[in-house]
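If you want the building blocks of each chain, they are given just below.
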Amino acid sequence: MPDSDAILADRATSWQGVSGRLYGIVLECVDGFTLRENHLYIIAGAKSVLWVGSTAELVADPLSRTRFRQALSATESIIRLMAPTEEADRLSTIVDLEGGAPAPTTTAAAAPSSSAQAA
């Protein structure tokens, strides 16, 4: 079974949260990485998510700042996605992303009709 970083580097364009929701993602370059406003970030290590959050968490939460610094020292990949505008939505999205993983690409391509029915 390939690790999540190998999957991310080769194919992932989506992250699947614990809820099953799919999030569009952008892989960031680890060298020269800069946080942007209105985005969420997933910092992943070799086998797990190390930190999920935004600039808001870094400003407001000392524990999050500590986890962020630790995550940066062990990061294998950094993933960016748009943050919800409402704080409650942002926080629930963070929880959903923390337990998630790269979305399998085969299921997304093989099931367009189920997506159309849900809409």
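For the structure, check the block above.
Notes on the structure follow. This is a predicted model, so every value here is computed, not measured.

## With respect to the pattern of salt bridges
- Evaluation of the coordinates by the stated rule reveals three salt bridges.
- Between R90 and E57 there is a salt bridge, and its shortest N-O distance comes to 2.7 Å. Of this pair, R90 sits in helix α4 (residues 87-98) while E57 sits in helix α2 (residues 55-60), placing them 33 residues apart in sequence.
- When its relative accessible area of 12% is taken as the criterion, R90 is described as buried.

## Structural notes on the environment of I42
- Its place among the elements puts I42 in strand β4 (residues 39-44).
- Taking the C-alpha atoms as reference, I42 lies 7.8 Å from E98; in sequence the two are 56 residues apart.
- Apart from residues lying up to four places away in sequence, I42 is in contact with W15, V49, W51, V52, S77, I78, I79, L81 and L97.

## Notes on the sheet that holds strand β2 (residues 22-24)
- Taking strand neighbours across the sheet as the criterion, the three strands line up as β2-β1-β7 in an open arrangement whose pairing is antiparallel. Each edge of the open sheet is held by one strand with a lone partner, namely β2 and β7 (101-102).
- Alignment of strand β1 (residues 14-16) against β2, held across three bridges, turns out to be antiparallel. The residue of β2 that forms the bridge with S14 is G24.

## What to know about the side chain of H39
- Mapped onto the secondary structure, H39 falls in strand β4.
- In this structure the side chain of H39 is engaged in a polar contact, spanning 2.8 Å, whose partner is the backbone oxygen of E37.
- If we ignore the near neighbours within four places in the chain, the residues touching H39 are G53, S54, R80, L81, M82 and A83.

## Some thoughts on the pairing of strand β6 (residues 77-82)
- Among the six residues in β6, five count as buried, and that is most of the element.
- Pairing analysis gives three bridges linking strand β3 (residues 26-28) to β6, with the strands arranged antiparallel. Directly across from E28, in β6, lies its bridge partner I78.
- Relative to β6, β4 runs antiparallel, the two being bridged by six bridges.

Conventions adopted
- Residues numbered from 1 in each chain as written.
- Predicted model: local features only at pLDDT ≥ 70, side-chain atom pairs only at ≥ 80, totals over all residues.
- Heavy atoms only, no water.
- Salt bridge = Lys/Arg side-chain N within 4 Å of Asp/Glu carboxyl O.
- Helix = DSSP H or I, 4+ residues; strand = E, 2+ residues; numbered from the N terminus.
- Buried < 20%, exposed > 50% of the residue type's maximum accessible area, 1.4 Å probe, protein only.
- Contact = heavy atoms within 4.5 Å.
- Pairing = 2+ DSSP bridges.
- Polar contact = N/O pair within 3.5 Å; in protein donor to acceptor, adjacent residues only side chain to side chain.

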